[in-house]
Amino acid sequence: SCEGDTEEIYFKHLRKLLADKGINNIKIKVDKSPQPDANSIVRYAKTLYYDGEFNKEFRNNIKIYCVFDKDENTDEQIKNAISISNKINAEIIFSNPCFEVWFYAHFRKNITQTTKNKLNSYLMKNENLGQHFKAKNNNNFNRLKPKLNTAITTSKNIQKDNKYSDTGNPHTDVFKIINYIEEIIGESITNL
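Owing to the predicted nature of the structure, the values given are computational and were not obtained by experimental measurement.

Novice: Just checking my understanding: could you explain the sheet that holds strand S2 (residues 90-96) for this structure?
Specialist: Strand pairing in a sheet takes place through backbone hydrogen bonds and is either antiparallel or parallel in direction. Taken together, three strands build an open sheet; the order of strands is S1-S2-S3 and the sheet is mixed. Edge positions in the sheet fall to strand S1 (64-69) and strand S3 (171-172), since each of these pairs with one other strand and no more. Strand direction decides the pairing type here: S1 and S2, joined by six bridges, are parallel. Bridge pairing links Val67 to Ile93 in S2. With respect to the sheet, helix H8 (residues 174-185) is in contact with S1, S2 and S3, its orientation differing from that of S2 by roughly 135°.

Novice: Explanation requested: the packing of aromatic side chains in the structure shown.
Specialist: Any aromatic ring pair is given by two values, namely how distant the centres are and how the planes are angled relative to each other. Scanning the entire structure with this criterion turns up 12 aromatic pairs. Between Phe11 and Phe99, the aromatic rings sit 6.0 Å apart at their centres with planes inclined by 65°, giving edge-to-face as the arrangement. Of the two residues, Phe11 sits in helix H1 (residues 5-20) while Phe99 sits in the loop between S2 and helix H4 (100-104), which places them 88 residues apart along the sequence. Exposure remark for Phe11: the relative accessible area of 6% places this residue in the buried category. Seen from their ring centres, Tyr104 and Tyr122 are 4.9 Å apart, and the 85° between their planes marks the pair as edge-to-face. Here Tyr104 is found in helix H4, whereas its partner Tyr122 is found in helix H5 (residues 116-125), with 18 residues between them in sequence. Taking relative accessible area as the criterion, Tyr104 reaches 15% and is therefore assigned buried. Taken together, the ring pairs connect Tyr10, Phe11, Phe99, Phe103, Phe133 and Phe141 into an aromatic cluster.

Novice: Explain the pattern of salt bridges to me, please; I cannot follow it from the model alone.
Specialist: Close approach of charged atoms allows side chains of opposite charge to pair. Using the criterion set out here, one finds nine salt bridges in the structure. With a closest N to O distance of 3.3 Å, Asp75 and Lys70 form a salt bridge. Judged by its relative accessible area of 43%, Asp75 falls in the partly exposed class. Its salt-bridge partner being Lys176, residue Asp173 comes within 3.6 Å of it at the nearest N-O pair. The buried category is assigned to Asp173, whose relative accessible area is 0%. For Lys176, a relative accessible area of 25% corresponds to the partly exposed category.

Novice: Is there a simple way to explain the side chain of His13 in this structure?
Specialist: As for its placement among the helices and strands, His13 is situated in helix H1. If we skip the residues at most four places from it in the chain, His13 touches Asn138, Asn139 and Phe141.

Novice: Whenever I open this one, the nonpolar core confuses me. Can you help?
Specialist: Most often, soluble globular proteins have nonpolar side chains that are buried together. Counting residues in each nonpolar core, the largest one holds 40 residues, and the members touching the most others are Tyr10, Trp102 and Ile189. Counting residues per element, the ones that place at least two in this core are H1, S1, H4, H5, helix H6 (140-144), helix H7 (148-157) and H8. When residues of this core are assigned to their parent elements, the largest contribution, six residues, is made by H8. Residue contacts for Tyr10: discarding those within four places in its chain leaves Phe99, Trp102, Phe103, His106, Phe141, Leu144, Leu148 and Ile178.

Definitions and limits used
- Residues numbered from 1 in each chain as written.
- Predicted model: local features only at pLDDT ≥ 70, side-chain atom pairs only at ≥ 80, totals over all residues.
- Heavy atoms only, no water.
- Pairing = 2+ DSSP bridges.
- Helix = DSSP H or I, 4+ residues; strand = E, 2+ residues; numbered from the N terminus.
- Contact = heavy atoms within 4.5 Å.
- Axes fitted to C-alpha atoms, helices over the stretch in contact; angles between N-to-C directions.
- Phe/Tyr/Trp six-rings, centres within 6.5 Å; stacked < 30°, edge-to-face > 60°.
- Buried < 20%, exposed > 50% of the residue type's maximum accessible area, 1.4 Å probe, protein only.
- Salt bridge = Lys/Arg side-chain N within 4 Å of Asp/Glu carboxyl O.
- Core = buried A, V, L, I, M, F, W, Y, C linked by side-chain atoms within 4.5 Å.

Listed below in structure tokens is the structure:
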């Protein structure tokens with residue numbers, strides 16, 4: 001489950017790429033939580049996992065990711081979301097200050113503390129994304145794919161010890177999803 005439109009669109013385009021390439025040993029289901037706060041996202045994933053289509057026969061073969069940002073989430077909300085995620089064996093994919101730090105990581109090898117406004121400003125001016133990078137029909141995944149390895153390296157380089165608070169800015173765990181998919185398909189996504 002994820003927080004916003006940007007995340008939902010990005011992962012849906014990743015899913016489409018895999019389907020178009022005939023990769024059927026991994027299925028991606030993207031569900032945007034009705035509420036964007038960390039607790040709601042994890043609770044929504046829990047509802048899907050226990051009450052939704054993830055019935056018992058498939059539960060052992062499912063990897064659940066809960067994707068959300070620091071944004072307005074308090075440290076207490078994030079701590080509670082982590083506690084719930086541990087109970088359903090879901091992995092938190094956290095970005096600080098926001099998901100767009102993942103996009104930015106495609107173009108920078110080193111990122112210092114930043115804000116959502118600075119990231120959006122840069123990405124809107126970026127020749128690969130343009131001012132409409134937040135549009136619902138924009139395929140940011142394909143535009144960013146050639147620089148995916150840079151984003152993975154940069155994301156690993158900016159990991160902070162205290163990532164779930166303001167002091168963990170910048171931070172993004174999105175690369176963990178990419179790495180997991182590449183492990184399953186046995187190939188780099190940039191080669192697809």
